[in-house]
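# Structural characterization, general
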Amino acid sequence: SAMCTNAGFGPGCVSTAAGAYQIIKPTWLKVRDALGLLDFGPTSQDRAAVELIRRRGALEDVRAGRIAAAIDKCRNEWASLPGNNAKQGQRPLKTLLAWYQQNGGAQA
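In this report, the structure presented in the accompanying data block is examined. Per chain, residues are indexed from 1 in the order of the written sequence. Where totals are concerned, whole chains, interfaces and linings use all residues; where local detail is concerned, this predicted model gives features only for residues with pLDDT of at least 70, and gives and counts side-chain atom pairs only at 80 or more. Note: side-chain values were computed over all heavy atoms of the structure, leaving out hydrogens and water.

## Notes on the packing of aromatic side chains
Aromatic rings from Phe, Tyr and Trp, taking only the six-membered ring of Trp, are treated as a pair when their centres fall within 6.5 Å; an angle between ring planes under 30 degrees marks them as stacked, one over 60 as edge-to-face, and anything in between as tilted. One pass over the structure, following the stated rule, counts 1 aromatic pair. Each ring, one from Trp28 and one from Phe40, has its centre 4.8 Å from the other, and the planes form 90°; the classification is edge-to-face. Placement of Trp28 in helix α2 (residues 25-35) and of Phe40 in the loop between α2 and α3 (42-55) is noted, with a sequence separation of 12 residues between them. Secondary structure is summarised from DSSP: a helix means a run of H or I of at least four residues, a strand means a run of E of at least two, and numbering begins at the N terminus for each.

## Describing the pattern of salt bridges
The salt bridge criterion pairs a side-chain nitrogen of Lys or Arg with a carboxyl oxygen of Asp or Glu, the two atoms within 4 Å. Scanning the model with the defined rule gives 8 salt bridges in all. In this structure, Asp33 engages Arg32 in a salt bridge whose closest nitrogen and oxygen atoms are separated by 2.9 Å. For each residue, the accessible area found with a 1.4 Å probe, counting protein chains only, is set against the maximum for its type, and the residue is called buried under 20%, exposed over 50%, and partly exposed in between. The partly exposed category is assigned to Arg32, whose relative accessible area is 28%. Residue Arg66 is joined to Asp61 by a salt bridge in which the shortest nitrogen-to-oxygen separation is 2.8 Å. Its relative accessible area of 39% is what places Arg66 among the partly exposed residues. A single salt-bridge network, built from bridges that share partners, covers Glu51, Arg54 and Arg55.

## Quick notes on the environment of Arg66
Examined against the element boundaries, Arg66 turns out to sit in the loop between α4 (59-64) and α5 (67-73). Arg66 sits 42 residues away from Ala108 along the chain, and the two C-alpha atoms are 5.6 Å apart. Here a residue-residue contact requires only that any non-hydrogen atoms of the pair lie within 4.5 Å. In contact with Arg66, not counting residues within four places along its chain, are Glu60, Asp61 and Ala108.

## Focus: α3
Here the expected span of a helix is defined as 1.5 Å times the quantity of residues minus one. With 14 residues, α3 should cover 20 Å at 1.5 Å per step; its first-to-last C-alpha distance of 20 Å lies within 8% of that length. Those residues of α3 that fall on the buried side of the exposure criterion are Ser44, Gln45, Ala48, Ala49, Glu51, Leu52 and Ile53. Next to the buried residues of α3 lie α2 and α4. Where α3 ends, the next residue or the one after it, Gly57, has phi of about 75°, a positive value.

## Re the environment of Ile67
Tracing the backbone through its elements, the reader meets Ile67 in helix α5. On the basis of relative accessible area, Ile67 is assigned to the buried category, the value being 7%. Remark: the alpha-carbon pair of Ile67 and Leu97, spanning 30 residues in sequence, is separated by 7.3 Å. If we ignore the near neighbours within four places in the chain, the residues touching Ile67 are Asp61, Val62, Leu97, Tyr100, Ala106 and Gln107.

As structure tokens, this is what we get:
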């Protein structure tokens with residue numbers, strides 16, 4: 001589609017995922033409206049991602065450092081998380097936990 005081409009994707013694009021959290025357009029529109037977000041800037045993307053994590057029941061896990069549990073609860077929100085049903089490449093849990101720690105995250 002023209003949207004995919006304009007977003008920099010090649011022929012056969014099947015995703016509208018965009019931004020730091022690769023949120024697909026239908027999800028973005030719902031969370032944007034629910035939170036009253038006015039733009040797609042970094043702060044709005046952060047707020048949207050936190051809301052999606054909260055909706056999956058994983059926010060307290062993140063706050064408590066239970067990152068593997070949070071990833072499991074959010075696996076059907078993001079296709080790259082291990083255990084997702086989408087037929088896309090998934091990142092190993094070990095890799096995700098290592099990235100989390102490398103970026104200053106603490107685990108329980």
